[in-house]
2 protein chains.
Amino acid sequence: MKFLHTADWHVGRKLHGYDLSTEQADALRKLEKIAIDEKVDAIVIAGDIYDRGMPSEDSVRMVNGALKKLNLEDGFPLLAISGNHDSAERLSTGSEWFEATSFYLHTKLERAAEPIEMSGVQFFLMPYFEISAAKNFLGDETLKTANQCVRRIVSLMKEQFKAGFKHVLVGHFFAVGSLKSDSETPSEVGGLEAVGIDELECFDYVALGHLHQHRASKSEKIKYSGSLLKYSVSEASDQKGVYVVDTDSETIAYKPLEPLNEVRVVKGLFENLIKPENYRQIPDDDYVAVELEDRVPIIDVMNRLKKCYPRIIELKRANGRVNHENNGVRNLEKLSEMDLFKTFYKDTIGEYPDEEQCKMMELALQAVRNGGENQ
Amino acid sequence: MKFLHTADWHVGRKLHGYDLSTEQADALRKLEKIAIDEKVDAIVIAGDIYDRGMPSEDSVRMVNGALKKLNLEDGFPLLAISGNHDSAERLSTGSEWFEATSFYLHTKLERAAEPIEMSGVQFFLMPYFEISAAKNFLGDETLKTANQCVRRIVSLMKEQFKAGFKHVLVGHFFAVGSLKSDSETPSEVGGLEAVGIDELECFDYVALGHLHQHRASKSEKIKYSGSLLKYSVSEASDQKGVYVVDTDSETIAYKPLEPLNEVRVVKGLFENLIKPENYRQIPDDDYVAVELEDRVPIIDVMNRLKKCYPRIIELKRANGRVNHENNGVRNLEKLSEMDLFKTFYKDTIGEYPDEEQCKMMELALQAVRNGGENQ
């Protein structure tokens, strides 16, 4: 059989404050088109459908709409699990009714070892779980790591393996050996959660969610589909997409999802970045992280850059900044008002004010001291 | 056909800070038992299933569990709408799949005039709606009141009326002429939302939610089922329950849901209320609103009452309090420390301190003035 493997939709996610719902809706339509064009027999969604346990009404509308379209209108069987960003309890709403239309949504470990059989494949759906839940389910208080838990759960799955069937695991965890990007929550990657790839060798394919780069796993058959969109600057150079897996021909193809609007890093000197021939190459709706190569102060830098790149998501100095004189807070506190002005002027403009400017400032300061009246 | 009419479950509701989930789960089990014992053909839930748009995971678990039990396990068709306390969008999750098992959950006005036909009855499910949504749906910007909107929607329903069928409306609004209690949100009762009973005369039965007293409507066939539990002190003397409606014999029976723990008002003099022969008649788990008939101050009154009635939800003075001397804040501010003490003593104990007590207090005050050292 042929199935599409996606994960980490993170519906509701923002990118540095920008709402991504238009981009997410577009990506979901493109995903649907791939499923139709490729004539897949099922769609696997390996967790983190939502970005948070308490999604907004708009996010609920988008996810409900997408699942309804894929399953009820297009007729694709769905095999889905909850990820660490989902609320298992909330996501599970309706799941008992979904199975009538071959929409299998598992949010509890209890059903992980119940295979779903479809066209010669046994799918095992293992939602994201906490160690405590696994201890409870397995009835073993001595379990300490995700790896130990997965080993035990996989052994229960293996008892259900039928000869002549291919075996696919759908999971949401950090497989050891993976590369990672910035948009997974750091505390949830590594450590307790790491699962060794060896534990998963018994499967013909492992459809993973959690890490956002589709190249995060180096294994040939243990794959992260990657996230639906680029959700951090560190993913700017990633290609996002879905896997199409054919268990008969044993081929795995990566199908790109071209984003509606790109996330990109632009790097250079300020004077170059604000040249029309440079910034006009970049669509206004793209999300831009700017890396300035300048080290000197630039007045009103963000506003001036935003005129060229309206959706700036990050502004960095690639080479740091020049050392300022008197830049210690303690020193500044000791300066006179006039000296403070001169220092500020130098920091901002790059040189000290001239004699006339200083005279004007002196007059202004006097006027302020006199309650706003010049004498 | 025979159906059970319930509404206003308000799962997740608290009573003056007390969690009611145990009581709600118990009431839902009793409701199920009535449905089974009465062999009803369907269950109508007329809105406010949840108490809030963003229910807790525990509330989601309770509602999902109850709906699954009633529909999938017991096999009752369900006819449900969203109320003003529900998030229509969140509640609608899964609704397209539910209909395969005769679970009709309408959260949008758009489907209000699509009858659901069952055993000779046409059910019309009209969820709670805002005037703006009705204007939108009806394409008429001149609509101003809920009454006008309902009239227009009912006229659309009437176009669908089939001869030989009975017609039942399921709605969630304030029908004019109703009595109200305190646990509906006041701003949502009356005014714009009021719907005249005349508009509903064309139905054989109108199954309403919104008001919490099952006697709120005086009409013979336009009924509020009342809430699942007593959700305010003003409902203490209510009987909660469900209606069982038989459209063939045209009978309507009210079936009580006896609460696991009562909400009750106890009224009397403090000295009587704390007598064991009185408070021992009331189970410790009952929720008690105390109305004290005393007018004089009583030291540590709440703690002493709680020893007799552990779950006090309200404490009132039935006859007000005695007028205190010097009880104006402005006067108190002018008093010396010693006079403040005397006034406080009198307020609390009922008489002024004696000479010796005053001396002790004077010494204590001197010690405080001397930085804690007595001299």
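- Chain A carries the name Nuclease SbcCD subunit D in an unreviewed UniProt entry, which gives Ligilactobacillus ruminis as its organism.
- UniProt lists a comment for chain A under the heading Subunit (unreviewed entry), and it reads "Heterodimer of SbcC and SbcD."

Re the sheet that holds strand β12 (residues 205-209) of chain B
Strands belonging to one sheet form pairs held by backbone hydrogen bonds; the direction of such a pair is parallel or antiparallel.
All names here are of chain B.
Piece 1. The sheet built from five strands is open, its strands ordered β7-β8-β9-β12-β13 with mixed pairing. Among the strands making up the open sheet, the edge pair consists of β7 (116-118) and β13 (222-224). Along the sheet, successive strands turn relative to each other by an average axial angle of 20°, direction set aside.
Piece 2. In this structure, strand β8 (residues 121-126) lies alongside strand β9 (residues 166-172), joined through six bridges in parallel fashion. Pairing of F123 across the sheet is with V168, part of β9.
Piece 3. Contacting β8 and β9, helix α6 (residues 146-160) crosses the sheet at an angle of about 150° to β8.

Here's the deal with the packing of aromatic side chains
Piece 1. Applying the stated criterion across every chain yields a total of 24 aromatic pairs over all chains.
Piece 2. With 5.6 Å between their ring centres and 55° between their planes, A:F103 and B:W97 make a pair best called tilted. With A:F103 in strand β6 (residues 103-106) and B:W97 in helix α4 (residues 95-98), the pair connects residues from two separate chains. There is no split in this pair, since A:F103 and B:W97 are both buried.
Piece 3. Clustering of aromatic rings is evident, with ring pairs tying together A:F3, A:F123 and A:Y205.

Description of a negative patch on the surface
Piece 1. The grouping of A:E351, A:D354, A:E355 and A:E356 at the surface amounts to a negative patch.
Piece 2. Looking at the element boundaries, A:E351 is found in the loop between α11 (337-349) and α12 (355-369).

Digging into the interface of chain B and chain A
Piece 1. Contacts between chain B and chain A engage 22 residues on the former and 22 residues on the latter.
Piece 2. With both sides pooled, the region where chain B packs onto chain A buries about 2,000 Å², and carbon together with sulfur makes up 62% of that total.
Piece 3. Interface area lost by chain B to chain A is led by B:E89, B:T93 and B:W97, which between them contribute 36%.
Piece 4. At the boundary of chain B with chain A, the tally comes to six salt bridges.
Piece 5. Salt-bridge contacts for A:E57 lead to B:R90; the nearest nitrogen and oxygen are separated by 3.9 Å.
Piece 6. At the junction of chain B and chain A, the tally comes to 14 residue pairs in polar contact (both at pLDDT 80 or more).
Piece 7. Counting only elements with at least two residues in the side of chain B that touches chain A, the list comes to α2 (57-73), α3 (88-91) and α4 of chain B.
Piece 8. Here the side of chain B that touches chain A takes eight residues from α2(B), the largest share from any one element.
Piece 9. Considering only residue class, the side of chain B that touches chain A consists of eight nonpolar, eight polar and six charged.

So, helix α6 (residues 146-160) of chain A
All names here are of chain A.
Piece 1. The end-to-end C-alpha distance of α6, which contains 15 residues, comes to 21 Å, matching closely the 21 Å that a straight helix rising 1.5 Å per residue would cover.
Piece 2. Within α6, the full set of buried residues consists of A146, N147, C149, V150, I153, V154 and M157. Angular distribution of buried residues about the axis of α6 spans 150°; they occupy a single face of the element.
Piece 3. Close packing links the buried residues of α6 with β8 (121-126), α5 (131-138), β9 (166-172) and β11 (194-195).

Considerations on the domain arrangement of chain A
Residue and element names in this part refer to chain A.
Piece 1. Per the domain assignment, the segments making up chain A are domain 1 (2-256), domain 2 (263-317) and domain 3 (329-369).
Piece 2. A separation of 36 Å is found between the C-alpha centroids of domain 1 and domain 2.
Piece 3. Contacts between domain 1 and domain 2 engage 10 residues on the former and 11 residues on the latter.
Piece 4. Together, the buried faces of domain 1 and domain 2 total about 840 Å²; carbon and sulfur atoms form 67% of this surface.

Concerning unusual backbone geometry
Note: most residues except glycine have negative phi, and most peptide bonds are trans.
All names here are of chain A.
Piece 1. Positive phi values are uncommon outside glycine, yet H16 reaches one of about 45°.
Piece 2. Inspection of the secondary structure puts H16 in the loop between β2 (14-15) and β3 (18-19).
Piece 3. Phi angles above zero are rare outside glycine, and D300 is one such case at about 55°.
Piece 4. With respect to the helices, strands and loops of the structure, D300 is situated in the loop between β17 (287-292) and α9 (301-308).

Describing the nonpolar core
Piece 1. Counting 83 residues, the largest nonpolar core has A:W9, A:I43, B:W9 and B:I43 as the members making the most contacts within it.
Piece 2. Residues within four places of A:I43 in sequence aside, it is in contact with A:L4, A:T6, A:A35, A:L70, A:F76, A:P77, A:L78 and A:L79.

Quick notes on the pattern of salt bridges
Residues and elements named next belong to chain A.
Piece 1. Counted under the stated rule, the structure contains 55 salt bridges over all chains.
Piece 2. Here E73 makes a salt bridge to K69, at a shortest N to O gap of 3.5 Å. Placement of both E73 and K69 in helix α2 (residues 57-73) is noted, with a separation of four residues, approximately one turn of the helix.
Piece 3. K69 sits in the partly exposed class, given a relative accessible area of 35%.

Digging into the relation of the copies chain B and chain A
Piece 1. Of the transformation placing chain B onto chain A, the axial shift is 0.2 Å and the rotation is 180°, giving an RMSD of 0.2 Å. In the structure described here, the two chain copies are related by an operation that fits a two-fold rotation axis. When C-alpha positions in chain B are compared against the rotation axis, the closest is assigned to B:G94, at 2.5 Å.
Piece 2. Counting the interface residues of chain B, we find that 100% of their copies in chain A are interface residues as well, pointing to one common contact surface.

What counts and what doesn't
Residues numbered from 1 in each chain as written. Chains lettered and ligands numbered in written order. Predicted model: local features only at pLDDT ≥ 70, side-chain atom pairs only at ≥ 80, totals over all residues. Heavy atoms only, no water. UniProt positions renumbered as here; feature names shortened; annotations may be inferred. Pairing = 2+ DSSP bridges. Helix = DSSP H or I, 4+ residues; strand = E, 2+ residues; numbered from the N terminus. Axes fitted to C-alpha atoms, helices over the stretch in contact; angles between N-to-C directions. Contact = heavy atoms within 4.5 Å. Phe/Tyr/Trp six-rings, centres within 6.5 Å; stacked < 30°, edge-to-face > 60°. Buried < 20%, exposed > 50% of the residue type's maximum accessible area, 1.4 Å probe, protein only. Patch = residues over 30% accessible without salt bridge, like charges linked within 9 Å, V, L, I, M, F, W, Y side chains within 5 Å. Areas by Shrake-Rupley, 256 points an atom, 1.4 Å probe, with all protein chains shown as cover. Salt bridge = Lys/Arg side-chain N within 4 Å of Asp/Glu carboxyl O. Lys, Arg positive; Asp, Glu negative; His and termini not counted. Charge placed at Lys NZ, Arg CZ, Asp CG, Glu CD. Buried area = accessible area lost by both parts, 1.4 Å probe. Polar contact = N/O pair within 3.5 Å; in protein donor to acceptor, adjacent residues only side chain to side chain. Nonpolar A, V, L, I, M, F, W, Y, C, P; charged D, E, K, R; others polar. Expected span 1.5 Å × (residues − 1). Arc of directions from axis to C-beta. Domains from an automatic or database assignment. Core = buried A, V, L, I, M, F, W, Y, C linked by side-chain atoms within 4.5 Å. Least-squares fit on C-alpha atoms with pLDDT ≥ 70 in both.

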